[in-house]
Amino acid sequence: YNEKILKWLVEHGYDVGNHTMNHPDLLTIDQAQTEQEVGGVYEKLEEIIPGKYVPIVALPFGSPYDLEHPNMASIFQGTFNGKPYTTKSTLQVAWEADASPYSNAFNPTFLKRIRAYDNNGENFDIQMNFDRLNTSRYISDGDPDTIVYPESEQASLGETYEKKPIPYTPAE
Ligand SMILES: [Zn+2]
């Protein structure tokens, strides 16, 4: 039935990624085991939805919380059953929104994420995350050639890719 689920998700526009074979805490296994955990899923995805998944690993429990941990190297590059794989990004444990892609704080290989559930603004639900973004979010002014950022974030504004940065003052 899982094959049906995967195909349905892809046909309905969902992105399917990698969450390891057995959901281990990556702090408790070694690099060879990490390759088995990550590569095993890529092999399955390639078998069931070839070329139609995203090379992104959602880290079980968010572990090891550190890009420099040796197992991270085995998440990004490895071999399984003689076939090499490459991971483009990893997802941290869900609790807060990431910085804008135009911020220095943004790392495309180690993404923060939020859960899209409502818990009346408690425990890092979607409402709590939106509230926290009130004064820090980058917004759109409708012009694809500009980046509109909160002026308080001036120091964290990173590469703007030839777009014109425009500061704004968020409403209280
Ligand atoms: Zn999980």
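This write-up is about the structure you can find in this document.

### What about the pattern of salt bridges?
- Taken as a whole and assessed by the stated rule, the structure comprises three salt bridges.
- The shortest N-O distance in the salt bridge between Lys 44 and Glu 47 comes to 3.9 Å. Placement of the pair is Lys 44 and Glu 47 together in helix α2 (residues 31-48), with a separation of three residues, close to one helical turn.
- Ionic pairing is found between Arg 132 and Glu 96, a salt bridge with its closest N-O pair at 2.6 Å.

### A look at the coordination of the zinc ion
- Here the zinc ion is held by the protein donor atoms His 19 (NE2) and His 23 (NE2), which lie 2.1 Å from it.
- Relative accessible area serves as the criterion here: at 33%, His 23 is assigned to the partly exposed category.

### As for the pairing of strand β6 (residues 146-150)
- Most of β6 sits out of view: five of its five residues are buried.
- Of the two faces of β6, the one lined by Thr 146, Val 148 and Pro 150 and the one lined by Ile 147 and Tyr 149 are each fully buried.
- Here β6 runs beside strand β7 (residues 164-168); their pairing, made up of five bridges, is parallel. Counted as the bridge partner of Tyr 149 is Pro 167 from β7.

### What about the packing of aromatic side chains?
- The tally for this structure, following the rule as stated, stands at six aromatic pairs.
- Taken together, a centroid distance of 6.1 Å and an interplanar angle of 35 degrees make the contact between Tyr 42 and Tyr 53 tilted. Of the two residues, Tyr 42 sits in helix α2 while Tyr 53 sits in the loop between α2 and β1 (56-58), which places them eleven residues apart along the sequence. With respect to class, Tyr 42 is no different from Tyr 53; both count as buried.
- Taken together, the aromatic side chains of Tyr 42, Tyr 53 and Tyr 85 make up a single cluster linked through ring pairs.

### Brief notes about the side chain of Ser 63
- Within the secondary structure, Ser 63 is located in the loop between β1 and α3 (70-76).
- Within the structure, the side chain of Ser 63 is placed 2.5 Å from the side chain of Asp 25, a separation counted as a polar contact.

### Here's the deal with the pairing of strand β2 (residues 77-80)
- Of the two faces of β2, the one holding Gly 78 and Phe 80 is buried and the one holding Gln 77 and Thr 79 is not buried anywhere.
- As paired strands, β2 and strand β3 (residues 83-86) are joined by four bridges and run antiparallel to one another. Along β3, the bridge assignment pairs Phe 80 with Lys 83.
- From the end of β2 to the start of β3, which pair antiparallel, there are two residues, and Asn 81 there has a positive phi angle of about 50 degrees.

### Here's the deal with the sheet that holds strand β5 (residues 110-111)
- The strand order across the open sheet built from three strands is β1-β4-β5, with neighbouring strands paired in parallel fashion. Strand pairing shows two members of the sheet lacking a second neighbour, β1 and β5, which therefore form its edges.
- Pairing geometry for β1 and strand β4 (residues 89-91), over three bridges, is parallel. Opposite Ile 56, over in β4, you have Ser 89 as the bridge partner.

### With respect to α2
- Helix length check: α2, at 18 residues, gives a terminal C-alpha distance of 26 Å against a target of 26 Å (1.5 Å per residue), a fit within 8%.
- Among all positions of α2, only Thr 34, Glu 37, Val 38, Gly 39, Gly 40, Val 41, Tyr 42, Leu 45 and Ile 48 are buried.
- Turning to α2, the residues buried within the fold contact α1 (2-11), β1, α3, β2 and β3.

Quick notes on the rules
- Residues numbered from 1 in each chain as written.
- Predicted model: local features only at pLDDT ≥ 70, side-chain atom pairs only at ≥ 80, totals over all residues.
- Heavy atoms only, no water.
- Salt bridge = Lys/Arg side-chain N within 4 Å of Asp/Glu carboxyl O.
- Helix = DSSP H or I, 4+ residues; strand = E, 2+ residues; numbered from the N terminus.
- Donors = N, O, S within 2.8 Å, 3.2 Å for Na, K, Ca; no water.
- Buried < 20%, exposed > 50% of the residue type's maximum accessible area, 1.4 Å probe, protein only.
- Pairing = 2+ DSSP bridges.
- Phe/Tyr/Trp six-rings, centres within 6.5 Å; stacked < 30°, edge-to-face > 60°.
- Polar contact = N/O pair within 3.5 Å; in protein donor to acceptor, adjacent residues only side chain to side chain.
- Expected span 1.5 Å × (residues − 1).
- Contact = heavy atoms within 4.5 Å.

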